[in-house]
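The lines below spell out each chain.
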Amino acid sequence: MHEGGSPSPIAMPAIKPPLWLLAELTYACPLQCAYCSNPVDFNGHGKTMDTETWIRVLRDARSMGALQLGLSGGEPLVRQDLETLVAESTKLGYYSNLITSGIGMDAARARSLKAAGLDHIQVSFQSSEANQNDEIAGMRAYAHKLDMARAVKAAGFPMVLCFVLHRDNLHRLREMLDLAIELEADYVELATTQYYGWALLNRDRLLPTLEQVREAEGVANEYQARLKGKMDIYFVVPDYYEKRPKPCMNGWGSVFLLVTPDGTALPCHAARQLPGFEFPNVQTSSVKDIWQTSDAFNRFRGFGWMKEPCLSCPEKEKDFGGCRCQAFQFTGDAAATDPVCDKSPLRHLVDEAVSSARSTTIEKPIIFRNPKNSDRHAIKLAELTTPR
Amino acid sequence: MSEPDKKIEYATEYKPLHDGPIRLARGHRIQYETVQGCDVLLYPEGVVQLSESAAMILKTVDGQKSATEIAAALMAQFPEAGDISGDVKSFLEVAHARGWIA
Ligand code: SF4
Ligand code: SF4
């Protein structure tokens with residue numbers, strides 16, 4: 001894209017390689033987490049891709065420079081060809097990360113994944129307490145998860161434990177960290193729920209209060225200092241309570257490429273909801289074309305698409321104006337300033353969401369992520385995100 | 001993705017690097033990337049692009065040599081660099097604080 005007739009080839013920032021390939025291998029999942037980041041209408045999406053097609057995607061992305069591979073879902077262990085895909089990624093030189101709930105794992109499978117060259121496993125927990133865990137997950141899973149975390153370590157994997165945090169379990173942070181120590185996790189991700197997909201649908205019930213967040217931050221800091229050099233702990237404050245947005249995906253189309261079960265290529269988890277986009281599919285376009293020349297991946301690259309107050313803001317290279325999907329969800333305009341930013345004239349919309357959650361009691365039912373609710377709520381979410 | 005040059009804060013209970021044999025931490029590996037034209041350090045969900053000297057030092061980490069021995073090995077390999085043992089050790093200290101080596 002050249003500007004002002006100048007022959008300079010550097011009007012657009014150079015397109016860097018996609019360092020991260022997130023392969024969502026399937027939307028099938030035995031759990032029903034109410035904060036799941038999968039799209040609410042997943043049940044209506046296209047057919048899940050076969051082994052051969054995935055292998056081609058792995059090869060193409062690797063030749064573009066992709067290094068980190070996330071094998072995710074849904075529950076990737078549902079796929080019987082997971083070992084085949086892992087073996088291919090090992091051959092290609094990826095650093096492979098399996099992102100799992102642990103359901104579908106057993107000691108033998110942990111060993112066969114190790115033999116296939118898998119580098120790392122991230123096991124997610126819903127809580128540090130059995131009943132609460134199972135209630136959030138929508139099935140009895142906790143005891144099995146503990147066994148699986150042990151099996152993962154026994155097979156010699158580095159293990160990340162991921163706790164997804166929200167209003168109902170944030171007070172258990174100490175317990176969660178103690179559990180992580182007991183299970184000898186190498187890293188702990190305290191993943192604050194991000195409000196996309198199912199989590200957005202359940203936001204009133206899941207968003208913690210500011211007091212809860214500050215207390216949790218204190219606990220996380222204390223453990224961080226204590227365990228320095230032994231176990232890394234990541235904790236991110238929910239962005240609704242920040243004054244600046246997150247540098248979402250390190251910039252649109254900058255390092256992250258997500259491929260959904262049906263082959264749709266996305267710059268982030270939630271992008272599929274954005275109107276006016278035709279997201280390319282790996283079955284009909286090459287990964288190279290998708291990454292370098294597709295309209296979808298170029299739309300929010302660089303700074304030219306920005307509006308005020310971002311456009312003239314000195315901080316734009318730090319946060320890229322925040323999250324495009326969050327901007328759309330709140331304002332109906334994906335090119336708007338992420339309203340988490342206190343420079344946004346629409347910041348009050350975020351504050352309203354916070355007070356709406358504050359006045360919501362635990363009696364309000366949680367909507368679990370399952371195919372039936374997917375069909376039922378696909379439309380409701382569309383209403384939730386209509387422009388105001 | 002990790003920032004290679006973030007400031008490291010040492011916690012009071014943090015134990016500095018020992019002088020026993022050093023190895024790359026579990027789940028860490030170094031590989032050369034043609035697309036980027038440099039060595040990278042890979043670990044669970046993270047990548048760091050290594051400068052030439054950082055890569056050189058980390059590739060000398062073999063699970064047998066101590067920090068002192070690593071410095072000595074590098075100085076034998078690059079005598080023209082002079083006494084770099086202080087630099088090597090302070091890099092290893094930082095690498096240890098980040099959990100890259102154990
Ligand atoms: S968040 Fe829960 S429901 Fe969603 S894919 Fe992960 S385990 Fe399954
Ligand atoms: S105005 Fe835009 S670029 Fe500036 S801090 Fe806010 S979100 Fe970031």
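Residues numbered from 1 in each chain as written. Chains lettered and ligands numbered in written order. Predicted model: local features only at pLDDT ≥ 70, side-chain atom pairs only at ≥ 80, totals over all residues. Heavy atoms only, no water.

**Q** Even after reading the chapter, I still don't get the pattern of salt bridges, so can you show me in this structure?
**A** Any two side chains of opposite charge can pair, given that their charged atoms come close. In the structure shown here, the tally under the stated rule is 26 salt bridges over all chains. Among the ionic pairs, Arg-29 of chain B bridges to Asp-119 of chain A, the shortest N-O distance being 2.8 Å. Here Arg-29 of chain B is found in strand 1 (residues 29–33), whereas its partner Asp-119 of chain A is found in the loop between helix 3 (107–115) and strand 4 (120–125) on a different chain. Judged by relative accessible area, which is 23%, Arg-29 of chain B ranks as partly exposed. Put simply, Arg-244, Glu-315, Lys-318, Asp-342 and Lys-343 of chain A are held in one network by salt bridges that share partners. (Salt bridge = Lys/Arg side-chain N within 4 Å of Asp/Glu carboxyl O. Helix = DSSP H or I, 4+ residues; strand = E, 2+ residues; numbered from the N terminus. Buried < 20%, exposed > 50% of the residue type's maximum accessible area, 1.4 Å probe, protein only.)

**Q** Looking at this structure, how should I read the packing of aromatic side chains?
**A** All names here are of chain A. The tally for this structure, following the rule as stated, stands at 9 aromatic pairs over all chains. Each ring, one from Trp-252 and one from Phe-277, has its centre 5.9 Å from the other, and the planes form 45°; the classification is tilted. Of this pair, Trp-252 sits in the loop between strand 7 (232–235) and strand 8 (256–259) while Phe-277 sits in the loop between strand 9 (265–266) and helix 10 (287–292), and the two are 25 residues apart along the sequence. Residues Trp-252 and Phe-277 agree in their burial class; the two are buried. The ring of Phe-125 is capped by Lys-145, whose NZ or CZ atom sits 5.4 Å from the centre of that ring. (Phe/Tyr/Trp six-rings, centres within 6.5 Å; stacked < 30°, edge-to-face > 60°. Lys NZ or Arg CZ within 6 Å of the ring centre and 35° of its normal.)

**Q** Would you mind going over the site of ligand 1 with me for this structure?
**A** Around ligand 1 sit Cys-29, Leu-31, Gln-32, Cys-33, Tyr-35, Cys-36, Asn-38, Gly-74, Ser-101 and Arg-369 of chain A, and that is every residue in its neighbourhood. Looking at the shell around ligand 1 residue by residue, the class counts come to 5 nonpolar, 4 polar and 1 charged. (Near = heavy atom within 4 Å. Nonpolar A, V, L, I, M, F, W, Y, C, P; charged D, E, K, R; others polar.)

**Q** Would you explain the confidence of the model for chain A in this entry?
**A** Should the pLDDT be low somewhere, the predicted coordinates at that spot are not to be read in detail. Residues and elements named next belong to chain A. In this model, chain A carries a mean pLDDT of 84, and residues with pLDDT of at least 70 account for 92%. Confidence, expressed as mean pLDDT per element, reaches its minimum in chain A at helix 15 (residues 371–384) with 63 and its maximum at helix 2 (residues 82–92) with 97. Counting contacts from residues 1–12, a segment whose pLDDT is below 50, to residues more than four positions away or on other chains yields 9 contacts. (pLDDT = per-residue confidence, 0-100. Contact = heavy atoms within 4.5 Å.)

**Q** Which parts of the structure should I look at to understand helix 2 of chain A?
**A** Spacing of three or four residues puts side chains on the same side of an α-helix, whose turn is 3.6 residues. All names here are of chain A. What helix 2 keeps buried is the set Leu-82, Glu-83, Leu-85, Val-86, Glu-88 and Ser-89. Where helix 2 is buried, its residues meet helix 1 (51–63), strand 2 (68–72), strand 3 (95–100) and helix 3. Of the residues one or two after helix 2, Gly-93 is the one with positive phi, at around 90°.

**Q** What's the story with the interface of chain B and chain A in this structure? I'm lost.
**A** In many reports, interface size means the accessible area that the parts give up when they come together. At the junction of the two partners, chain B supplies 21 residues and chain A supplies 30 residues. In total, chain B and chain A occlude about 2,100 Å² of area from one another, counting both sides; carbon and sulfur atoms represent 55% of this. In this structure, Arg-62 of chain A and Glu-33 of chain B form a salt bridge, with 2.8 Å as the shortest nitrogen-oxygen distance. There are 9 residue pairs in polar contact (both at pLDDT 80 or more) connecting chain B and chain A. Listed by contribution, the elements that provide at least two residues to the side of chain B that touches chain A are strand 1, strand 2 (38–43) and strand 3 (46–49) of chain B. (Buried area = accessible area lost by both parts, 1.4 Å probe. Polar contact = N/O pair within 3.5 Å; in protein donor to acceptor, adjacent residues only side chain to side chain.)

**Q** What am I meant to see in the sheet that holds strand 2 of chain A here?
**A** Strand pairing in a sheet takes place through backbone hydrogen bonds and is either antiparallel or parallel in direction. Residues and elements named next belong to chain A. Across the sheet, which stays open at both edges, the 9 strands sit in the order 7-6-5-4-3-2-1-8-9 with mixed pairing between neighbours. Single-partner strands in this sheet number two, and they are strand 7 and strand 9. Sitting on the sheet, helix 6 (residues 173–182) is in contact with strand 4, strand 5 (159–165), strand 6 (187–192) and strand 7, with an inclination near 165° to strand 5. (Pairing = 2+ DSSP bridges. Axes fitted to C-alpha atoms, helices over the stretch in contact; angles between N-to-C directions.)

**Q** Just checking my understanding: could you explain the sheet that holds strand 3 of chain B for this structure?
**A** Residue and element names in this part refer to chain B. Taken in spatial order, the 3 strands line up as 1-2-3 in an open sheet, and their pairing is antiparallel. The open sheet has two edge strands with one neighbour each: strand 1 and strand 3. With direction set aside, neighbouring strand axes in the sheet form an average angle of 30°. In terms of strand pairing, strand 2 meets strand 3 through 4 bridges, oriented antiparallel. Bridged to Val-40 within strand 3 is Gln-49.

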